[in-house]
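Analysis of the macromolecular model
Letter by letter, the chains look like this.
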Amino acid sequence: MTEWLGRIDLSPINGRDRVPNCDFDMTNTIPHFDAFGLALREIRAEDAHSWFDYLRIPEVVRLNSWNVSAVEDMQAIIEKMSANAVNRPLRFALAATATDRLVGTIGFHSLSIENASAEIAYDLAPEYWRQGIMSAACEPLIRWGFDALQLNRIQGCAMVGNHASARILEKNGFRLEGVLREFRVARGRPSDFRVYSRLRSD
Ligand SMILES: CC(C)(COP(=O)(O)OP(=O)(O)OC[C@H]1O[C@@H](n2cnc3c(N)ncnc32)[C@H](O)[C@@H]1OP(=O)(O)O)[C@@H](O)C(=O)NCCC(=O)NCCS
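These lines cover the structure that appears in this document, whether it is placed above or below.

What counts as what
Residues numbered from 1 in each chain as written. Predicted model: local features only at pLDDT ≥ 70, side-chain atom pairs only at ≥ 80, totals over all residues. Helix = DSSP H or I, 4+ residues; strand = E, 2+ residues; numbered from the N terminus. Expected span 1.5 Å × (residues − 1). Buried ≥ 20, exposed ≤ 12 C-beta atoms within 10 Å, placed from the backbone. Arc of directions from axis to C-beta. Near = placed C-beta within 6 Å. Core = buried A, V, L, I, M, F, W, Y, C linked by C-beta atoms within 7 Å. Contact = placed C-beta atoms within 7 Å. Pairing = 2+ DSSP bridges.

Considerations on helix α6 (residues 133-147)
Between its terminal C-alpha atoms α6 stretches 22 Å, which fits the 21 Å expected from 15 residues at 1.5 Å a residue. Those residues of α6 that fall on the buried side of the exposure criterion are I133, M134, A137, C138, L141, I142, W144 and G145. Looking straight down α6, one finds its buried side chains confined to an arc of 160°; they lie on one side.

Describing the site of the ligand
In the region of the ligand, 21 residues are neighbours, and W129, M134, S135, A164 and R167 sit closest. Where the shell around the ligand is concerned, the elements lending two or more residues are β5 (117-124), α6 and α7 (163-171). With 6 residues, the single largest contributor to the shell around the ligand is α7.

Remarks on the nonpolar core
The biggest cluster of nonpolar side chains holds 43 residues, and the ones touching the most others in it are L94, M134, A137, C138 and L141. Residue contributions to this core peak at 7 residues, all from α6. Residues contacting M134, with those up to four places away along its chain left out, are Y122, L124 and I168.

Focus on the pairing of strand β7 (residues 175-186)
In terms of burial, β7 is largely open, as just 0 of its 12 residues are buried. Pairing analysis gives 8 bridges linking β7 to strand β8 (residues 189-199), with the strands arranged antiparallel. Residue pairing across strands places R184 opposite S191, the latter belonging to β8. A loop of 2 residues connects β7 with β8, the two strands running antiparallel in sequence, and R187 in this loop sits at a positive phi of about 50°.

Points about unusual backbone geometry
Despite not being glycine, S110 shows a phi value in the positive range, around 50°. Within the fold, S110 resides in strand β4 (residues 102-112). If you check the backbone angles, E182 has positive phi at about 45° while not being a glycine. Tracing the backbone through its elements, the reader meets E182 in strand β7.

Observations concerning the sheet that holds strand β1 (residues 34-35)
Strands sit in the order β1-β2-β3-β4-β5-β6-β8-β7 across an open sheet of 8 strands; the sheet is mixed. Of all strands in the sheet, those bounded by a partner on one side alone are β1 and β7. Bridge analysis of strand β6 (residues 153-159) against β8 gives 7 bridges, and the strand direction is antiparallel. Directly across from R153, in β8, lies its bridge partner L199.

A look at the environment of H109
Tracing the sequence through the fold places H109 in strand β4. Judged by the 15 C-beta atoms lying within 10 Å of it, H109 is partly exposed. Separated by 12 residues in sequence, H109 and A121 place their C-alpha atoms 7.0 Å apart. Beyond its immediate sequence surroundings of up to four residues, H109 is in contact with P89, E119 and A121.

Details of helix α3 (residues 48-55)
Those residues of α3 that sit buried are A48, S50, W51 and L55. Summarising the contacts, the buried residues of α3 are in contact with α4 (58-61), α5 (71-82), β4 and β5.

A word on the environment of G156
Within the secondary structure layout, G156 lies in strand β6. Among the residues examined, G156 registers 25 C-beta atoms within 10 Å and is labelled buried. Residues G156 and V195, 39 residues apart in the sequence, show an inter-C-alpha distance of 5.8 Å. Residue contacts for G156: discarding those within four places in its chain leaves E119, I120, L169, F174 and Y196.

All quantities given are derived from atomic positions and should not be read as evidence of function.
Spelled out as C-alpha cells, the structure:
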C-alpha cells in the first residue's frame, strides 16, 4: 500500500513534493468542473443540511442504496470523508457558484488504493435533473482518478431500472460487465445492480 502511494506524485497539482506514507492531503487536488452555474469543491460539515434536503426526497433515493434518515447521518458521512485515512471515500460537492450551496455530489467510494480501483457515485437535487449536468461532471472526476490518484479501474454500479445512472456511465465510456445479483440493499430489499467499468487503458 505504502509502495503504491509512494508512486503517486501530486506535485503538479498541489505543489507538494510527494504523497506522505499512508495518507495524502487532497486539499488542493480537486478535479476542475465549472459549468451550468455549478462548480466542484470539497464537501464541508455545513453542507450536511443541503445534502440531506434532497436525499430525504423518496424519488431521489428510489433507485439507489442511499439509506439516510436524519441530517446527523449526513454529518457522520461527511466526517468519515474528512478523516485523512487511506481508502476513505473521496466525494466532492457540486455547488451553485452564485450561492455556494451544495446541490449535488460526485466522487469515489469503495476506493481501493491496493487495487488502484474505485467506484464512481453521484447524486443531484431534482430541480437540476435532465440538463446534462452529471454526464458532464463525470469526465473531470474520471480524469482526476486516472491521473492524480493513478487509478487503473473505475467502476460504476447502477441499480437495474436506474436508466439515468446507466446512461451517464455509457455516455462516459464505461462498458457493461454484467449484473450483480442482489448486490446492495435498497429500501430494505436486496437489489440487482448493473456493473460498468472504465479502465485507464480504454
Ligand atoms: C442519476 C442522476 C445523477 C442523473 O443526473 P442528471 O444530471 O439528471 O443526468 P443527465 O442530465 O446527465 O442525463 C443523463 C442521461 O440520462 C437520461 N435521464 C436523466 N434522467 C432520467 C430519468 N429520470 N429517466 C430516464 N432517463 C433519464 C438523460 O436523458 C440522459 O440520457 P441522453 O443523453 O441519452 O438523453 C440524477 O437523476 C440523480 O441524482 N438521481 C438520484 C441519485 C442516483 O440515483 N444516483 C445514481 C446512483 S450512484
